[in-house]
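One letter stands for each residue in the lines below.
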Amino acid sequence: AAHTMDANPPGRKERFFTGVRRERKTRRAVKIMDRISRILIATGGAATILAVLFIFFFLLYVVLPLFGGGSLEESGAAPVDAAASRGRILAAGADEYRLLAWLLLEDGFLEVYRVDTGDRVLRRRLYPGRKLTAAALAEGSGDAVFGFADGSVALGRIRFRSRLFEPDRVPAGFPRPAPGDLADYRGGLVQWTPGHQLRWLKPELDLEKPADCGLREPVLRLDLTMKPSGPVFAAVTAGGSVVVEEARRRENWITGETSVEMRGGRLTLSEPGETPPPRHVLLSALGTYLYLAWEDGTLLRYDVSDLARPRSAERVRLLRDRGGRTRPDLRVTAMRFLAGKTTLLVGDSSGRVRAWFPARPADAGTVDGVVLVNGHEIPGPPSPVAGFAPSRRSRLVAVTHADGRVRLLHVTTEALVAAIRTGDGAPRATILTPKEDGLLLLAGRRILSYTLDAKYPEVTFASLFGPVWYEGYAKPLLKWQSTGDTDDYEPKLSLVPLVFGTLKAAFYSLLFGLPVAILAAVFSSEFLHPRVRSRIKPVIEIMAGLPSVVLGFLAALVLAPFVERVVTTVLTAFLLVPASFLLGAHLWQLLPRPWEARLRRLRPAAICVALLLGLRVAAVLGPAAESRLFGGDLKSWLSSRAGPGWGGWFLLLLPVSALVVAVLFTRVLGLSDRLRRATAHLGRAACARIDLAKFLGLSCAVVLLAAAVAHLLQALGLDPRGTVMGTYVQRNALVVGFVMGFAIIPLVYTLSEDALSAVPDHLRSASLGAGATPWQTAVRIVVPTAMSGLFSAAMIGLGRAVGETMIVLMAAGNTPILDGNVFNGFRTLSANLATELPEAVVNSAHYRTLFLAALVLFLMTFVVNTVAEAVRLRFRRRAFEL
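Anyway, here's the lowdown on the structure attached to this text. All figures in this text were calculated on a predicted structure; none of them were measured in a lab. Counting of residues starts from 1 at the beginning of each chain's written sequence and follows it residue by residue. Reporting in this predicted model follows two pLDDT cut-offs: at least 70 for local features of residues, and 80 or more for side-chain atom pairs to be given and counted; totals over whole chains, interfaces and linings ignore these cut-offs and use all residues. Working from all heavy atoms in the structure, the side-chain values ignore hydrogens and water.

**Observations concerning the sheet that holds strand 21 (residues 311-317)**
This is how it is decided: Here a strand pair is declared whenever DSSP counts at least two bridges between the two strands. Strands are runs of DSSP state E lasting at least two residues, helices are runs of H or I lasting at least four, and both sets are numbered from the N terminus onward. Every axis corresponds to a line fitted to the C-alpha atoms, with the helix fit spanning only the stretch in contact, and the corresponding angles, defined between N-to-C directions, vary from 0 to 180 degrees.
In space, the 4 strands of this open sheet follow the order 18-19-20-21, with antiparallel pairing throughout. Bordering the open sheet on either side are strand 18 (280-283) and strand 21, each of which pairs with just one other strand. The mean angle between the axes of side-by-side strands here comes to 20°, regardless of whether they run parallel or antiparallel. Bridge analysis of strand 20 (residues 298-303) against strand 21 gives 6 bridges, and the strand direction is antiparallel. The residue of strand 21 that forms the bridge with Asp 303 is Arg 311.

Laid out in structure tokens, this is it:
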């Protein structure tokens, strides 16, 4: 040792057994590059973590406002004229800028007040000489109907008109208030707009002459709705007469005069004992249904779509709960329609609010197939409901109570947005402003003004992940439908169908791609010649570079129509191709050993031949299977549910039966070990024949077991249609699973093959030296050792399937439905983001819910990766013990 140290002092070159001389002292350049590499690697890792955290917190920043409550803050209180605080208010409204509010009093006067000061800017009697007894306004349009003591009815319009003037074109004498101030002018207000224009806002009245409807009694209650052909109104008189009339305007093209024709007639109440007139009369949108309600909760619904022949359709007890129980001590205290005039709000003396709307269940039992369902029931304070002020824009409604409380509710989600309490009892008038940004209350002798910020009441945890009873449906649903064709549309923002679609796409893609990729990796790693493997593996890796949009295009325009034409053949091929591979393997064993050694190089060609034969047999047996199992037409069998369901069960149970038979033969009954011991003394050819006979016998057992269980399930009245089978849609989960499986195969194959190749060769050598066959070595030694890598490959394939966008966007039908049918489409979270995010209004509930969908996708991937890493480490520890 001393001689060696002396012979090789520090700094001198040393000769190693490899023959390469190196200096024992590391060069400074190497140290510098090593330090730079460490810094770059650490910086890259930290930057990756920070980027992921930034994405997470940005998504959280956009999503969190969805779950913040609304606010209602008082912005002013102004005294009003004493006349406005007396008598009954028939109708009330406000302009969209929250500057003016109007009241229609029972003495027939229309009074307009400034919201900021309470000053009256207009007082006008609508119909001098006639006593006004009732009035009603159509939703959103300003059209109105007025009823009088002599039984006549008049149509009109009450609305605000806004005119803008440029500063250099203001008429002479027009007031010019200071910026931020208001000026009275001819019954209206003048103010500067943010665009430096003068706005003149004033109420506009358009009153028509009263018309005779054949009534000789005072009109007590009215309701009005607008049809494309004209207004339709319903009236109830003091004597209990009910009329529904459609008004049609005709203009004389010579004189220019407009006349109104009434068309309709009276209704005879179905219950002669109901002597008091109805307390509430309501006419649905387009004049389809007429609702007459009494204080005790009795409601009669009439079908008045044909005014010449109205029909009594249904009698409902409004105050019963969902269990069918009715409290006789309760009274109906308020009724009003929500936006759209479909959902009927009912307030009672206990403070509870119920929402009723028509639905069409299968067992309706009414003349028109429609029944009223109690979709929502919202409890309240122990004070009777005094009135409703619904929004024109959404499902928001202001509910006033007799004790002065005012609650803002979102009916669909049953969420309480905000609540206040006045000290003057129930407000005499409640107005929710047209833009849904303010609330006006006439309480005592004051106009109270509130600024409203409702936030996002249509989104709650319950509505996102639980069933919600939407308008027009017979039961609560999990549904995604973010847009509609009308302004009063009720958005449906459940994420469950999208999460289900994401999992459905991942499941079917892994069901096809995972076995193919892993088995191909086992074959190429353990049985393929290294020279052939070195050529095949790069080719498969190149397949991973195919763009998703190309695969989606091929799936949507080529594969989907082809599969639709030969769907039974495709399903048969999924069963026969693996069977043909197994049969070919057993036939290969029958070859004599010299022949098998000579033909070993032709094994890949034999595999291709087995594949082609399986496809050919499937093409021949497919139509026969369709005729035998599905009555000759699979798509008709799926959609009409005609014929027995055992064919579908048989097809579904074949893979399950194969697994059950294999477990019974090998594990439960132990027949595999017994057969191996019994044939240990036989030669190779005899064992091969026995293996072939075993394969054929077990195949027959699989078919018989599947057929027996299928007939048993049919005898029990079970049908696979409606669950994993259903109506055939061209772009469905079967097509997507095949194409996405094809997309993930290269990735999973490459990672699996690398993991299998990394298993030390001494483990293989030890197993082969102990007498195990190459297949036994691969299954019992190599695969368990590489299980951590195989599991990681599977999880990466799952992540690829979960995040895939273009394939599912083009080939899945893009329908957000909650359906397990393999022949139907779906929509995933990623496809939904690609479809709707470019068109979503920034910072709207829809916009933020889409970001919530992105956050859910992020968390799903995070959870999957975390679980995968934990399982991988466990497998790695087990492999290390080997």
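**Here's the deal with the packing of helix 7 (residues 567-589) against helix 13 (residues 684-715)**
To keep things clear, this is the line we draw: An angle below 35 degrees is treated as roughly parallel, one above 145 as roughly antiparallel, one from 65 to 115 as roughly perpendicular, and anything else as oblique. Whether a crossing is left-handed or right-handed is set by the direction in which the near helix is turned from the far one by less than a right angle, anticlockwise for left-handed and clockwise for right-handed. Contacts between residues were defined by any pair of non-hydrogen atoms, one from each residue, lying within 4.5 Å.
At a minimum axis distance of 8 Å, the contact between helix 7 and helix 13 shows a crossing angle of 160°. Put simply, helix 7 runs roughly antiparallel to helix 13. Considering the relative orientation of helix 7 and helix 13, their crossing is left-handed. Facing helix 7, whose interface residues are Ala 579, Leu 582, Leu 583, His 586, Leu 587 and Gln 589, helix 13 presents Arg 684, Ala 688, Asp 691, Leu 692, Phe 695 and Leu 696.

**Considerations on the pairing of strand 12 (residues 188-192)**
Selection rule: Each residue's exposure class comes from its accessible area (1.4 Å probe, protein chains only) as a fraction of the maximum for that residue type: buried when under 20%, exposed when over 50%, partly exposed otherwise.
By the criterion of burial, strand 12 is predominantly enclosed, with 4 of the 5 residues buried. With 3 bridges connecting them, strand 11 (residues 183-185) and strand 12 associate as antiparallel partners. Bridge assignment links Asp 184 to a residue of strand 12, and that residue is Leu 189. Where strand 11 folds back on strand 12, the antiparallel hairpin that results is connected by 2 residues, among which Arg 186 adopts a positive phi of roughly 50°. With 4 bridges joining them, strand 12 and strand 13 (residues 198-207) adopt antiparallel strand pairing. Bridge assignment links Val 190 to a residue of strand 13, and that residue is Trp 200. Between the antiparallel neighbours strand 12 and strand 13 lie 5 residues, among them His 196 with a positive phi of about 60°.

**A short note on the sheet that holds strand 6 (residues 109-114)**
The strands making up a sheet are joined through hydrogen bonds of the backbone, oriented either antiparallel or parallel. Strands sit in the order 4-5-6-7 across an open sheet of 4 strands; the sheet is antiparallel. Each having just a single partner strand, strand 4 (89-94) and strand 7 (120-125) make up the two edges of the open sheet. Averaged over all neighbouring strand pairs, the angle between strand axes comes to 15°, with direction disregarded. The pairing of strand 5 (residues 100-105) with strand 6 spans 5 bridges and is classified as antiparallel.

**Quick word on the packing of aromatic side chains**
Any pair of aromatic rings gets described here by the distance separating the centres and the angle formed by the planes. For clarity, the threshold we go by: Only centres within 6.5 Å qualify two rings of Phe, Tyr or Trp (six-membered ring in Trp) as a pair; their planes then separate them into stacked at under 30 degrees, edge-to-face at over 60, and tilted for everything else. Only when the NZ of Lys or the CZ of Arg is both within 6 Å of the ring centre and within 35 degrees of the ring normal is a charge said to sit over the ring.
For the structure shown, the criterion picks out 23 aromatic pairs. What links up through ring pairs into an aromatic cluster is the set Phe 54, Phe 58, Tyr 847 and Phe 851. Above the face of the Tyr 289 ring, Arg 301 is positioned so that its terminal group lies 5.0 Å from the ring centre. The lysine or arginine in question, Lys 492, covers the ring of Tyr 470, its NZ or CZ lying 5.3 Å from the ring centre.

**So, the environment of Phe 851**
Here Phe 851 is to be found in helix 20 (residues 845-881). Separated by 90 residues in sequence, Phe 851 and Asp 761 place their C-alpha atoms 50 Å apart. Those residues in contact with Phe 851 that sit more than four places away from it in its chain are Phe 58, Leu 59, Val 62, Val 63 and Leu 837.

**Quick notes on the packing of helix 9 (residues 603-630) against helix 11 (residues 646-668)**
Here is the rule: Any residue outside Ala, Val, Leu, Ile, Met, Phe, Trp, Tyr, Cys, Pro, Asp, Glu, Lys and Arg is labelled polar, Gly included; the first ten of those are nonpolar and the last four are charged.
Interhelical geometry of helix 9 versus helix 11 gives an angle of 125° and a closest axis separation of 8 Å. In terms of axis orientation, helix 9 runs oblique to helix 11. Where helix 9 approaches helix 11, its residues Arg 628, Leu 629 and Phe 630 are matched on the opposing element by Trp 646, Gly 647, Gly 648, Phe 650 and Leu 651. Here the residues of the contact of helix 9 with helix 11 sort into 5 nonpolar, 2 polar and 1 charged.

**Remarks on the pairing of strand 22 (residues 332-337)**
In terms of strand pairing, strand 22 meets strand 23 (residues 344-348) through 5 bridges, oriented antiparallel. By the bridge assignment, Phe 337 is partnered in strand 23 with Leu 344. Taken together, strand 22 and the strand that follows it, strand 23, pair antiparallel across an intervening segment of 6 residues, in which Gly 340 is found at a positive phi of about 95°.

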